[in-house]
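Fold and contact review
Next come the chains, spelled out residue by residue.
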Amino acid sequence: EIFAGMQTAAVGHFDETGLHINGKLWWLHVASSRGLTYYFIHPKRGKVAMEAMNVLPQFQGVSVHDGWGSYASYDCDHALCNAHHLRELRFIEERYQQSWASQMSALLVEIKRQVDQAQARGEPELPLDIRQSFAARYQAWVEQGLLANPPPVQAQPVKSRGRPKQSPAKNLLDRLHLYQAQVLAFMSDFRIPFDNNQAERDIRMMKLKQKISGGFRSVIGAQMFCRIRGYISTLKKQGLNILDALTQAFKGNPIFPMIQPE
């Protein structure tokens, strides 16, 4: 089944979004790949829901996500969505007029262009010397950004829990610094995409459903919709005829998609 296929996928895309059920906020979680789509609903957004979903606890491939903290707790390889980074960098450039942000954006786009060209030539990764050059330029812009955004200074000891509040620029720089390998994973392994658009595309239809209907009246109804929608999405990805598959399902002879289509 699709669930088992996602547990063993080489590259998995993960995301979550709010979902209203009977007037209350729930969360729709998606685990997907180029050939599979699996939806799961839960009243929680974080690790409790991910444990109940039971894809990431068994997952040993590369997890592509937006950097939400709960994803990082799982023992698998990770890759971060650079579409999110480009949006954050643009905000910092426009709001704070910091030149490092525009330079980092240009660098990420340049790396992506080089990866696209290398993929078109049938190569599995960028050459080592090019990767090293890109990594050095990346680190230089991060260091320039850190100089422009030093840690906040506390006038007196902080009694509240948690770290001191930082600017959006500093928060982004900490992520880019600590997780450089995950940000640049796409240039070392061409199976890994530049962004997490696969998961975002798979969630988009569910968001459209909410705009039209406003939500679901029951948990069971939401679960049924997610199961049907995940099946249809998977069929479409694998090039199978959706109408024929649904007809066969009603006849008691369902068409099963490939578990490992990639």
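Below: a short report on this structure.

Conventions and cut-offs
- Chains are numbered independently. Their residues run from 1 in the order of the written sequence.
- Per-residue local features are limited, in this predicted model, to residues with pLDDT of at least 70; the limit for side-chain atom pairs, both in listing and counting, is 80 or more; totals at the level of whole chains, interfaces and linings are taken over all residues.
- Heavy atoms throughout the structure, all of them, feed into the side-chain values; hydrogens and water do not.
- Helix and strand assignments follow DSSP, with helices taken as H or I runs no shorter than four residues and strands as E runs no shorter than two, numbered in order from the N terminus.
- Expected span, for any helix, means 1.5 Å times one less than how many residues it has.
- Axes are fitted to the seven residues ending at a residue and to the seven starting at it; the angle between these axes is taken as the bend at that residue.
- Any two residues having at least one pair of non-hydrogen atoms within 4.5 Å are treated as being in contact.
- What is meant by a nonpolar core is a set of buried Ala, Val, Leu, Ile, Met, Phe, Trp, Tyr and Cys residues, joined one to another through side-chain atoms within 4.5 Å.
- The rule is simple: take the accessible area with a 1.4 Å probe, protein chains only, and divide by the maximum for that residue type; under 20% is buried, over 50% is exposed, in between is partly exposed.
- In this analysis, the protein atoms alone were mapped onto a 1 Å grid. Cavities are point sets where a 1.4 Å probe fits without being able to get out; pockets are open sets with protein on both sides within 12 Å along at least five of seven lines; lining residues have an atom within 4 Å of a point.
- Grid points are joined across faces, edges and corners, and a volume is the space filled by probe spheres set on the points.
- Residues are grouped as follows: Ala, Val, Leu, Ile, Met, Phe, Trp, Tyr, Cys and Pro are nonpolar; Asp, Glu, Lys and Arg are charged; all remaining types, including Gly, are polar.
- We define a polar contact as two N or O atoms separated by no more than 3.5 Å, with the added condition that, inside protein, one atom must be a possible hydrogen donor and the other a possible acceptor, whereas residues neighbouring each other in sequence contribute only through side-chain atom pairs.
- At least two DSSP bridges between two strands are required for those strands to pair.
- Axis lines are fitted to C-alpha atoms, over the contacting stretch for helices. Their N-to-C directions set the angle, which ranges from 0 to 180 degrees.
- Two rings from Phe, Tyr or Trp (for Trp, the six-membered ring) form a pair when their centres sit within 6.5 Å of each other. Planes less than 30 degrees apart are called stacked, planes more than 60 degrees apart edge-to-face, and all others tilted.

**Topic: helix 9 (residues 197-213)**
Between the first and last C-alpha of helix 9 there are 25 Å, a value that for 17 residues agrees with the 24 Å anticipated at 1.5 Å per step. Within helix 9, the axis deviates most sharply at I203, by approximately 25 degrees. Contact partners of the buried residues in helix 9: strand 1 (11-21), strand 2 (24-32), strand 3 (37-42), helix 4 (82-96) and helix 10 (219-237). Looking one or two residues beyond helix 9, the residue adopting positive phi is G214, at roughly 85 degrees.

**Concerning the nonpolar core**
Judged by nonpolar contacts, the single largest core of 31 residues is most densely connected at W100, M104, I111, L126, Y138, L176 and L184. Those elements giving two or more residues to this core turn out to be strand 4 (62-65), strand 5 (77-80), helix 4, helix 5 (99-120), helix 6 (128-148) and helix 7 (168-178). Ranked by residues supplied to this core, first place goes to helix 5 with eight residues. Sequence-distant contacts of W100, that is, excluding residues within four places in its chain, are made with L89, I92, W141, Q144, G145, N149, A169, L172, L173 and L176. In this structure, I2, F40, M53 and L56 belong to the second largest nonpolar core, which totals 17 residues.

**Structural notes on empty space enclosed by the protein**
In total, this model carries one cavity of 30 Å³ or more according to the counting rule given. Approximately 30 Å³ is the volume found for the largest cavity. Contributing to the lining of the largest cavity are F14, D15, H29, V30, M50, M53, L56 and Y71. Only strand 1, strand 2 and helix 2 (47-53) provide two or more residues apiece to the lining of the largest cavity. Here the lining of the largest cavity is built from residues that sort into six nonpolar, one polar and one charged.

**Structural notes on the environment of R131**
Its place among the elements puts R131 in helix 6. The class for R131 is buried, based on a relative accessible area of 16%. Residues R131 and I203, spaced 72 residues apart in sequence, show a C-alpha to C-alpha distance of 33 Å. Excluding residues that lie within four positions of it along the chain, R131 makes contacts with E125, L126, M187 and S188. Among the polar contacts made by the side chain of R131, one reaches the main-chain carbonyl oxygen of L126 at a distance of 2.7 Å.

**Some details on the sheet that holds strand 4**
Spatially, 3-2-1-4-5 is the arrangement adopted by the five strands of the open sheet, whose pairing is mixed. What marks the edges here is a single partner per strand, and that holds for strand 3 and strand 5. Averaged over all pairs of adjacent strands, the angle between strand axes in this sheet comes to 30 degrees, irrespective of strand direction. Here strand 1 runs beside strand 2; their pairing, made up of nine bridges, is antiparallel. Across the sheet, residue F14 finds its bridge partner in strand 2, namely A31. This element, helix 9, spans strand 1, strand 2 and strand 3 of the sheet and lies at about 15 degrees to strand 1.

**Brief notes about the packing of aromatic side chains**
A full pass over the atoms with the stated rule returns five aromatic pairs. Aromatic pair F14 and F59: ring centres 5.4 Å apart, planes at 80 degrees, arrangement edge-to-face. Taken together, the residues F14 in strand 1 and F59 in the loop between helix 2 and strand 4 connect sequence positions 45 residues apart. Consider the rings of F91 and Y96, whose centres lie 6.2 Å apart with planes at 85 degrees: the pair is edge-to-face.

**Quick word on helix 4**
Relative to the 21 Å expected for 15 residues at 1.5 Å per residue, helix 4 spans 20 Å between its end C-alpha atoms, a close match to the ideal helical length. The elements touched by buried residues of helix 4 are strand 5, helix 5, helix 7, helix 8 (180-183) and helix 9. In the stretch just after helix 4, Q97 is the one whose phi turns positive, near 50 degrees.

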